[in-house]
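Examining the three-dimensional arrangement
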Amino acid sequence: MAKKQATIQDIANALNITASTVSRALNDHPKISANTKEQVWTTAKKLNYQPNHIASSLRKGKANTIGMIVPRINRHFFSNVITGVESVLNPAGFNLIICQSDESFQREKQNLKTLITSRVAGILVSLSIETKEVKHLEKVQNSHIPLVLFDRISDEMNVSKVDNDDEFGSYELTKHLLNEGYRSFMWIGGPRNSIIYKNRYNGYKKALKEFKLNDTKFDCFEGTPVLDVAEQYIQEYIKQKELPEVIFAASDYMAMGVIQALQANKIKVPDDVAVAGYSNEPFASLISPKLTTVEQFSEEMGRSAAKLLLEEIESEEDTIIPRKTTLKPRLIIRESTIKKK
């Protein structure tokens, strides 16, 4: 008959200490004395103890895998965030499972369900455009899985978060446009139930208010933040109304759609209408004219989110105090908004 394998409890009984102390000693926890660690390891060898890492992971509901949900994998911003996340998690021994919500609330919920069932060690989430309530995220907390929100966050969730100061970035961009002398505006962006577009609109309004301009006099369009939606909107707008002096697109993809619609109608940028974007996509410096935009430091966001998550995973505390990191974006002025002197 095979000899019964020794357990952590067997070691604890032999040394008259708790099983949790044995577990911490075996994992080289800094709060356990060197003497206790030595006694635990000596006894473990004597009893022929073999750690079962798989069972340990299942007991803790943790593995060496992190789940991540992004709205669109094919966006430069999110691919850079992923790069930043992996630069922190991979050296720490974790692998990353990436899910795409494709801006769908239902897919986001299904992604979460899959990750919870997979018993990942932690989850990183950037909310979809369709996400208006976050009760589904409570299932992550109820499963005792550390959760960190990034970029598209929610103030309703008491969890750690990393975001950009989008209100500041939008304010700085609008102030640049005002200082250039533009006085009639159009703002287009994603739905303002998404916190990033809400904040970008608020920064825009704040700058207009400082210059004593009434934003209600200017057109505002909300839609899916993709090139085709913006292009179609401007094409229809041109048929019905006179264009403003400047169009602030709260997404570089929407800005690209705007420029294509204007150029198709032989409207020059910035001579006839200036255009600004947001997020500094790679094409922003390659198109003609080069696009004025805002840099969001996406890799740094990924690193910051991963560090917060890793600290929560490794914490020995029963209660985690959520923390928030906010990055400052940077205005990049290019040809698309510069008036000829």
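Position labels on residues start from 1 in each chain and follow its written sequence. Whole-chain, interface and lining totals are the exception, using all residues; otherwise, since this is a predicted model, local features are given only for residues with pLDDT of at least 70 and side-chain atom pairs are given and counted only at 80 or more. Side-chain metrics rest on all non-hydrogen atoms present in the structure, leaving aside hydrogens and water.

**Observations concerning the sheet that holds strand β6 (residues 185-189)**
Ordered in space as β7-β6-β8-β9, the four strands form an open sheet in which the pairing is parallel. Each end of this open sheet is capped by a strand with a single partner; those strands are β7 (219-222) and β9 (274-276). Here the average twist between neighbouring strands, direction ignored, is 15°. Contacts between residues were defined by any pair of non-hydrogen atoms, one from each residue, lying within 4.5 Å. Structural elements are reduced to axes, namely lines fitted to C-alpha atoms, with helices fitted over the stretch in contact, and the angle between N-to-C directions of any two is expressed from 0 to 180 degrees. Comment: elements are numbered from the N terminus, with helices defined as DSSP H or I runs of at least four residues and strands as E runs of at least two. Where helix α8 (residues 166-179) meets the sheet, it contacts β6, β8 (246-249) and β9, and its direction lies at approximately 170° from that of β8. Lying over the sheet, helix α10 (residues 227-240) contacts β6, β7 and β8, oriented at roughly 145° with respect to β6. Here the rule is simple: two strands pair whenever DSSP picks up at least two bridges between them.

**Overview of the nonpolar core**
Formed by 42 residues in total, the largest nonpolar core has its most connected members in Ile-123, Val-125, Leu-137, Leu-147, Leu-149, Phe-185 and Tyr-204. At the level of secondary structure, the elements contributing two or more residues to this core comprise α6 (105-117), β3 (122-125), β4 (147-150), α8, β6, α9 (195-210), β8 and β9. By residue number, the principal contributor to this core is α9, which donates seven residues. For Leu-137, the contacting residues outside a window of four places in its chain are Leu-112, Leu-127, Leu-147, Leu-149 and Met-157. Core analysis: the next-biggest nonpolar cluster, separate from the first, contains 26 residues, Ile-247, Met-254, Ala-255 and Met-256 among them. Buried residues of nine kinds, namely Ala, Val, Leu, Ile, Met, Phe, Trp, Tyr and Cys, make up a nonpolar core once their side-chain atoms join them within 4.5 Å. The classification of residues rests on relative accessible area computed with a 1.4 Å probe and restricted to protein chains. Under 20% of the type maximum is buried, over 50% is exposed, and intermediate values are partly exposed.

**Side note on unusual backbone geometry**
Cis geometry marks the peptide bond from Val-269 to Pro-270; its omega dihedral reads 5°. Secondary-structure assignment places Pro-270 in the loop between α11 (252-264) and β9. Of note, the bond from Ser-288 into Pro-289 is cis; its omega dihedral lies within 30 degrees of zero at 0°. With respect to the helices and strands, the residue Pro-289 is situated in the loop between β9 and β10 (293-295). Residues other than glycine seldom take positive phi values, yet Asn-16 does so here, at roughly 60°. Mapped onto the secondary structure, Asn-16 falls in the loop between α1 (8-15) and α2 (19-26). Note on Asn-16: relative accessible area 73%, which makes it exposed. A positive phi angle, near 55°, is found at Arg-119, a position not held by glycine.

**Brief notes about the sheet that holds β4**
What the six strands build is an open sheet, ordered β2-β1-β3-β4-β5-β11; its pairing is parallel. At either margin of the open sheet sits one strand with a lone partner, and together these are β2 (95-100) and β11 (324-327). Across this sheet, the average inter-strand angle for adjacent strands is 15°, counted without regard to direction. Two strands pair when backbone bridges link them, and β4 and strand β5 (residues 160-164) are joined in this way by three bridges, in the parallel orientation. If you follow Val-148 over to β5, its bridge partner there is Ser-160. Sheet strands in contact with α6 are β1 (65-70), β2 and β3, and its direction is about 180° off that of β1. Packing of helix α12 (residues 298-314) onto the sheet brings it into contact with β1, β3, β4, β5 and β11, and relative to β5 it is tilted by some 175°.

**Quick look at the packing of aromatic side chains**
Geometrically, a pair of aromatic rings is defined through the distance of the ring centres and the angle of the planes. Centres within 6.5 Å make a pair out of two Phe, Tyr or Trp rings, where for Trp the six-membered ring is used; the pair is then stacked when the planes are under 30 degrees apart, edge-to-face when over 60, and tilted otherwise. Under the definition given, this model contains 10 aromatic pairs. Measuring from ring centre to ring centre gives 5.7 Å for Tyr-201 and Tyr-204, while their planes differ by 40°; the resulting arrangement is tilted. Remark: Tyr-204 and Tyr-201 occur in helix α9; sequence separation between them is three residues, near one turn of the helix. Each member of the pair, Tyr-201 as well as Tyr-204, carries the same accessibility label: buried. Centroid distance Tyr-204 to Phe-248: 6.1 Å. Interplanar angle 70°. Geometry classified as edge-to-face. Of the two residues, Tyr-204 is situated in helix α9 and Phe-248 in strand β8; the sequence distance between them amounts to 44 residues. Like Tyr-204, the residue Phe-248 is buried in the burial classification.

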